Structure formats: C-alpha cells, structure tokens
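Chain by chain, the residues:
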Amino acid sequence: MKTVFTTCTRDCPGACSIIAQVEDEKVVKLRGNPKHDVTAGFLCKNTVHYLENYFYNDRRILHPLLKVDGDWKRINWDEALDIAASQISKVIKTHGSQSILYYQGFGARTALQAMNKRFFNLLGGVTTTYGTVCGGIGHAAMTMDFGEKKSHDPMDHLNSDVIIIWGRNPAVTDVHLWRILRKAKRNGSTLIVIDPVKTKTAKHADLFIQPAPGNDHYLAMALAKIIIEKDLEERNNLVDHDFIDNYTVNFPSYHHILDEYSLQDLSCKCDVAPPALEELALIYAEGNPSSIVTGWGVHRYVQGHLTFRMIDALAAITGNIGVSGGGVSQGFEEYEYFDFSLEMNELGKNQRQLPMPKIGEAILSTDNPPIKFIFITSGNPVNLNPNSLKVKEGFESADFVVMIDHFLNDTSDSADLFLPATTYLEEEDLIGSYGHNWVSPVNPVIPPQGEVKSEFEIFQLLADRLGFGEEMSGSPKKWLMKLADPILNQSIGFEDLCSAPQKMSRDPEIPFSDGKFKTKSGKFEFIEDFSPNNTYVENYPLRLLSTMHKDFVGSVVPEDELVDGFLEVQIHPDNLQDKGLNDGDKALLESHVGNIIVKIKSNEEVRKDYILTYKGGWLKYNRCVNVLTPDIVSEVGDGTPYYDTWVRINPLV
Ligand SMILES: Nc1nc2c(c(=O)[nH]1)N[C@H]1C(S)=C(S)[C@@H](COP(=O)(O)OP(=O)(O)OC[C@H]3O[C@@H](n4cnc5c(=O)[nH]c(N)nc54)[C@H](O)[C@@H]3O)O[C@H]1N2
Ligand SMILES: Nc1nc2c(c(=O)[nH]1)N[C@H]1C(S)=C(S)[C@@H](COP(=O)(O)OP(=O)(O)OC[C@H]3O[C@@H](n4cnc5c(=O)[nH]c(N)nc54)[C@H](O)[C@@H]3O)O[C@H]1N2
Ligand SMILES: [Mo]
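Position labels on residues start from 1 in each chain and follow its written sequence. Each chain takes a letter, starting from A, and each ligand takes a number, starting from 1, following the order in which they are written. Where local features are concerned, this predicted model is filtered to residues with pLDDT of at least 70; where side-chain atom pairs are given and counted, the filter is 80 or more; whole-chain, interface and lining totals use all residues. Side-chain calculation: all heavy atoms of the structure are included, whereas hydrogens and water are not.

> Before we move on, could you go through the packing of helix α5 (residues 136–146) against helix α13 (residues 304–317) and cite the residues and values that matter?
α13 packs onto α5 with a crossing angle of 40° between their chain directions and a minimal axis gap of 8 Å. Of the possible angle classes, the one that applies to α5 and α13 is oblique. Considering the relative orientation of α5 and α13, their crossing is right-handed. In contact with Ile137, Gly138, Ala141, Met142, Met144, Asp145 and Phe146 of α5, α13 contributes Gly304, His305, Phe308, Arg309 and Asp312. For helices, the fitted line uses only the C-alpha atoms of the stretch in contact; every axis is such a line through C-alpha atoms, and the angle between N-to-C directions lies from 0 to 180 degrees. Runs of E in the DSSP output that reach at least two residues are strands. Runs of H or I that reach at least four are helices, and both are numbered from the N terminus. Angular relationships are summarised with four words: roughly parallel below 35 degrees, roughly antiparallel beyond 145, roughly perpendicular across 65 to 115, and oblique for the angles in between. Should the near helix be turned counterclockwise from the far one by less than a right angle, the crossing is left-handed, whereas a clockwise turn marks it as right-handed. Contact between two residues is taken to exist if any of their heavy atoms lie within 4.5 Å; hydrogens are not considered.

Structure follows, in structure tokens:
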C-alpha cells in the first residue's frame, strides 16, 4: 500500500490536507492529515465519500465530448483541441478577442489557474468577469473599516472568552472550524449564534438569537447603543475609550447614526426583543476578549455592507480589535500568497469585464463586440448564478461554448464542447484556503483516469495550436515555483511546500495588533453614511433564503437529486394555514423573476417572514432555486444579493 499527501481543492474554507491510500493502482481511502492544525486528522462527510460519490462515480466524464445535433458524442483529444483552437481563431478574426468570455467559477481555486488567465492575455485579452457570487460584499465593507480584510487564525478562537457566530453555519459548511469552536466551548467560552434559521450550529449554542433576515445592521446598532449607554450611566468600562481615541476616526458620526434610532425602533426592525438584546450586548461587551466569526449569510443582501460595518464598529467600541481572541473574522484570501504577475495582464490589451452577478443580462446586452465564444472552467453559472433562465439564455446566445469540468451539469446543456479535467487526486498544484492561512500541495495520487487532462495541460495544448506554445511551456513545477516565489521568500523551501502543508507567517500574527490600518487615515474608520433602503417587492411578502446543503458541495449533487422532482422548501405552519396548504403538498412559489413548483415541508422552527430552501439543486430536474433570484448587484462590493429575493406561495390550481 502506498500513501500520498494531497489537498482537497473543492469550494470550501477547509482546503483539507489529505492522506490518500493507494492499493493496486486504485485509491482506496482518504484520511485527514493529523499534522495540520485545522484538518486535525479527520475529513468532512463529503470527502470521506468522495471516492465513490465523485472520483469513481460513473457519471464522471473521462473523455472529451462534442455536441452533435443536441447530443453529446465522444471524440478524441486531437479533434477536441483542434475544434476549440479553430473556433478561437475564427472568432478572433471575425469579432476580435474581446468577443471571447472567459468565465471562471469557484469549483476549485488553485495557483496554476493563473495560467488560464495568462493564456487569455496571450490571445490579446478577452472579456472576463468582475464582482462575485460568493463573498465580495463583506470583503469590501471590511476594507472600508480596517483597510483590508484580515482574520484571526482559526486556532486563536480558542483564546476567546465569548464567540459570536454571525450568519454562518460551520457545523455544515466548515466542520474543521466547527471542531475548534466546540473545543473553545468545552474549554469554557460562551458560544452565541445569530441566525434567522435554527441551524445545526445554532442547536449547540449557549445563546441563540433568531432575528429577521436582512436586518442585522439594526441588531448590531442596538447592541452598540446598549453598550454605550450602559458605559455612560454606570462607568463600567464596557466601552474602550482609549482604543476609540487613539486608533479610530469618525466615532462622532457613527454615534450620531445610533442616536437617530430609539432602542425600540431597532428592536422592531431586527425583531429581537429588548431583553434579549441587552443580554447579548452585555455578554459580548463583558467578554475578555470577545470574537465575532462572520459567515456568508450576512453578505447576500443589497446592503450587506451595512451589517458588516456595524459589526466591525461593535468590535471597535469594545476594544476587541488587535487582541488575541478578539476581532471580526470572515475568512482569508486564498490567492494572496502567489505571484500573479505571471498572468501577464499587461499583454491583454483587449480586456473587458462583465458583472458576474448579472452575467446573463450582461452577455445578452454587450455589444462592440458581442460575446460570441464562451470558455468556462470550474463553474456552473446556469445553476448557481441568479436568474438562471436569463443566464441560460445568455450562454445559449453565444456561437460556441467550451467547458472544462468533471461532470455534465446545467451549464453543459448550453455548451458545445466538454473537456474532462483531472481532480486533486491526479494533478500537481498548490492551493491556499479561504478559511485559514496555510498553503498546501496538490499531488498526483494516481495517474489520470480515462483520458482526463489537467486544466494546465489543456491550455498548454491549445497554446501550441494557436502559435504561442513557448509562452506556456514547461512542467507544472516550473510554473508553481514562479507562482510561489513570494512564499519561498519567507524562507520556506519549494520541496517542503510540495511535500506538506505550510502555515504562512504573518506580521503581526494577530491582525491589527500593531495598531496600523491600511485605511486613508491609518486608523479604523467608523461608518459615517447610513442610508438603509428597503428591497421589498410589493405582493411578494416573504423572503427566500437558499443556504448550503449538508449533503453536497456547490451543485455536485447526489444521485437521488438527479430525478425529476421538486425543490423542497420549509415554511412555518401558520403561513401554510393561511393558504390552505399542508406538509407534503406541491405549491407554486413565485418571485417577480420566475416561478417553480415546490414541495412543502412544514417546520415550526423557521420564522414566519421567510421560506427556507437550499442552493445547488438542478434546473433540469426542477430543483433550481435560482430561477427565482433577481440578477442584481449589491450596493458595495459587486456581490450577489441572493437573499433579497421576495416570494409568494400559493396552492396549485
Ligand atoms: N456542505 C457544504 N459546505 C459548503 C458549501 C456547500 O455547498 N455545501 N459551500 C461552500 C461555500 S461556496 C461557501 S461561500 C461557504 C458558506 O458558508 P456559510 O456562511 O456557513 O453558509 P451559508 O449557507 O451561506 O450561510 C450561513 C448562514 O447565514 C444565515 N443567514 C442568512 N441571512 C442572514 C441574516 O440576515 N442574518 C444572519 N445573522 N444570518 C443570516 C443562513 O440562515 C445560514 O445558516 O460554505 C462552503 N461550504
Ligand atoms: N441561491 C443561491 N445561489 C448561490 C449561493 C447561495 O447561497 N444561494 N451561493 C453562491 C456561492 S457562495 C458560490 S461560491 C457559487 C458557486 O458557484 P459555482 O462555482 O459556479 O458552482 P459549483 O457547483 O460550486 O462548482 C462549479 C463546478 O466546478 C466543478 N469542479 C470542481 N473541481 C474542479 C476542478 O478541479 N476543475 C474544473 N475544471 N472543474 C471543477 C464542479 O464539478 C462543478 O460543476 O454559488 C452561488 N450561488
Ligand atoms: Mo461561496
């Protein structure tokens, strides 16, 4: 038996360090690496079952496919690459390179993907995307306050007296962070969860607050108001005046915003009663120190930045910034460690960008030149971007669509050529993480299955055919060594980096403990402008939340989801009674964007102001929630406000 170290590259904060066992040229088991602080020797259930459900699954595509008269037909690599290269040449000749859209999803986010961008710059520059369907809103807000998004090392939460998990469900979405948070609880930390949904995480909390969705800025303001008033009345040092005086600007403007609202107003807006607000405010302010771990749930609103800025302010007034066990931690930048000058943006003179959150509309309305050719890697935008039917229309409007993936999916229905890719068990790469500050090696555990090729090799072979092979040539190692240059400067050897995960050092280790902020003022900047808007759409009284599913990642769903069925939605029984609906009924769920027939699950634990479902169900099996979500862009951060979707539900007629 042979063992090889590799790293999970799937879209999850974990980036788990894996020990793969190989027997008779077959991978027989994946185990978590015990020598990694965060992976800590175990894997999530999706990775434990990765071999049978994903890697060796019969649905995995192992040969190139071409769509002929609406059906996929197996072709060989020479044909596939010739077709892709000649389509690229043709479209550049007739419409220019900007008529190519390169769309990169979040399926895997490795260092070598920089070479994809290099390829498109060598073509002269193409159309790509800006903004995100994931976490840009919080990132932008935190940059406004702190000058940059910096999180505490996950292990530092063990030094917290109080931990608020705010809009995050790590028991499902990041089980390794969850292990650390539960350990903190066992060691005596108070664990608080703020979530409109009673999640698996919430069920383990010492205190669970279940506010109205989309109004957490008011909740954070209420807590600040209580803390500031108590400090003034009782002089009990709940407020860190020294921190405010020396390390922040704009406190008077922020204080003025708080003064505009009574506690009663704020309590009504977030729908948390004043006694619960007071309890939460005191626990947080008295914690020494207290940390806030935010998630993506609070991003997905048009004004999600307001929530982040008010949360940051809460940490600032209580002096929980720059101290071990404190802070506001949202995540890490998985790409910050590498040298991306290799993408050679300077060569791509014809670059142009379209907004990812509105990609369907943008493709359809773009002219001069229009989008004629689309190249997709590691994404399923027809399924996961908002307003799915518009995205589908956009992708179908192109003359030719190429995709690199492991599986056929909703987006491949609109594609013409499918190129099958290697996975993290068959390729060589490096990967950062958006949940911790380790860089880890991806190593080939066994040879590629069937005829699959790495994305890197596919772009090299295309470059050969297009006449710039030299600029892309060389082994993965050669390019990884260049990409990793900033890491190697930290005196980590390349061989070490390829053989085991390495924790990246940071200066200072505790974010902002040196009192330096990369803002214009050099200090923490409190929010000054507060102009809340209402996204409510008349005649659609309920919000629709569509969160992560415990049994799968992204849109790679298990077999039983792949049959014609219905999207399951959870609704409070009172809302059902009003409509004469019952548990198990089919009903019509409508937004101003679209409609879908759903199956109802009655649940007393959901609030009455939203309907709950999950992301990732497939469009072609009637389970795609994004037929209802509007393709709008957040006010700050070019993010996607999935949860500003307003719906109504009615019996089928
Ligand atoms: N099993 C599994 N794990 C995954 C993924 C997956 O598909 N499956 N996807 C990965 C990806 S891409 C990401 S970005 C992460 C996301 O990780 P998380 O942030 O943990 O997950 P989400 O489901 O986006 O949202 C977290 C919580 O926010 C809550 N929420 C919604 N609106 C509000 C609000 O207004 N206020 C508050 N306080 N809470 C609110 C939701 O109810 C939800 O429980 O997970 C990753 N991990
Ligand atoms: N309604 C609603 N929609 C959402 C969300 C929500 O909360 N609600 N969450 C959003 C979030 S946070 C995200 S990140 C996006 C995700 O959106 P996407 O990134 O578009 O979708 P995924 O299904 O996560 O992954 C895309 C594809 O990558 C493929 N893949 C995996 N590994 C590799 C690889 O190594 N190489 C290649 N070439 N392909 C690979 C998978 O097979 C899959 O088909 O969805 C967003 N959509
Ligand atoms: Mo995400």
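> Outline α13, listing residues and values.
In this model α13 runs 21 Å from its N-terminal to its C-terminal C-alpha over 14 residues, within 8% of the 20 Å that 1.5 Å per residue would give. The classification of residues rests on relative accessible area computed with a 1.4 Å probe and restricted to protein chains. Under 20% of the type maximum is buried, over 50% is exposed, and intermediate values are partly exposed. Counting buried positions along α13 yields 14 of 14 residues, so the element is predominantly enclosed. Trailing α13 by a residue or two, Gly319 shows a phi angle of about 70°, which is positive. Expected helix span is computed as 1.5 Å times (number of residues minus one).

> Lay out the site of ligand 1 with the relevant residues and their values.
Only a single heavy atom is needed: when it lies within 4 Å of a molecule or strand, its residue is near that molecule or strand. What surrounds ligand 1 is a group of 34 residues, the closest being Thr173, Asp195, Asp216, Arg300 and Phe552. Whenever two N or O atoms come within 3.5 Å, that pair is a polar contact, provided that in protein one can donate a hydrogen and the other can accept it, and provided that, for residues adjacent in sequence, both atoms are side-chain atoms. Gly167 places a main-chain nitrogen or oxygen 3.2 Å from an oxygen atom of ligand 1. A distance of 2.7 Å separates a nitrogen atom of ligand 1 from a polar side-chain atom of Tyr301. Surface accessibility in these figures is a Shrake-Rupley result with a 1.4 Å probe; residues are shielded only by whichever protein chains are displayed. In isolation ligand 1 exposes 910 Å². Once the protein is present, 97% of that is buried.

> Outline the domain arrangement of the protein chain, listing residues and values.
When its domains are assigned, the protein chain resolves into domain 1 (65–127 + 363–503), domain 2 (152–330) and domain 3 (542–651). Start and end positions for the domains come from either an automated domain assignment or a database one. Taking only C-alpha atoms into account, the centre of domain 1 sits 31 Å from that of domain 3. Between domain 1 and domain 3, the residue contacts involve 16 residues of the former and 18 residues of the latter. Accessible area, probed at 1.4 Å, shrinks when two parts are joined; the buried area is that loss added up over both. Around 1300 Å² of area is buried between domain 1 and domain 3 when both sides are counted, 57% of it from carbon and sulfur atoms. For domain 1, the biggest contributors to the area lost against domain 3 are Leu384, Pro386 and Asn387; these three give 42% of the whole. A salt bridge links Lys620 to Asp413, with the shortest nitrogen-to-oxygen separation between them at 3.0 Å. Here domain 1 is connected to domain 3 by 13 residue pairs in polar contact (both at pLDDT 80 or more). Those elements that provide at least two residues to the side of domain 1 that touches domain 3 are α15 (381–384) and α16 (388–397). Sorting elements by how many residues they give to the side of domain 1 that touches domain 3 places α16 first, with 4 residues. Nonpolar residues are Ala, Val, Leu, Ile, Met, Phe, Trp, Tyr, Cys and Pro. Charged residues are Asp, Glu, Lys and Arg, and all others, Gly as well, are polar. Looking at the side of domain 1 that touches domain 3, its residues break down into 6 nonpolar, 6 polar and 4 charged. By definition, a salt bridge exists where a carboxyl oxygen of Asp or Glu is found within 4 Å of a side-chain nitrogen of Lys or Arg.

> Can you explain the packing of aromatic side chains? Please cite residues and give values.
Planes of paired rings set the category: under 30 degrees apart is stacked, over 60 is edge-to-face and the rest tilted, where pairs are Phe, Tyr or Trp rings (Trp by its six-membered ring) whose centres lie within 6.5 Å. On inspection of all chains with the given rule, the structure shows 36 aromatic pairs. Both rings, one in Tyr50 and one in Tyr54, keep their centres 4.7 Å apart while their planes meet at 20°; by these two values the pair is stacked. Placement of the pair is Tyr50 and Tyr54 together in helix α2 (residues 50–55), with a separation of 4 residues, close to one helical turn. When the centroid spacing of 5.0 Å and the interplanar angle of 90° are considered together, the rings of Phe119 and Phe120 count as edge-to-face. Residue Phe119 is classed as buried on the basis of its relative accessible area, which comes to 0%. Here Phe120 falls in the buried class, since its relative accessible area comes to 2%. Connected via pairs of aromatic rings, a cluster forms that spans Tyr102, Phe119, Phe120, Phe373, Phe375, Phe400, Phe459 and Phe468.

> Quick rundown of the packing of helix α8 (residues 216–234) against helix α10 (residues 251–259)? Include the residues and the values.
Remark: α8 packs on α10, axes separated minimally by 10 Å, with the N-to-C direction vectors making an angle of 105°. It follows from the interaxial angle that α8 and α10 lie roughly perpendicular. Here α8 contributes Met221, Ala224, Lys225 and Ile228 to the contact with α10, which in turn contributes Phe251, Tyr254, His255, Ile257, Leu258 and Asp259. Classifying every residue of the contact of α8 with α10 gives 7 nonpolar, 1 polar and 2 charged.

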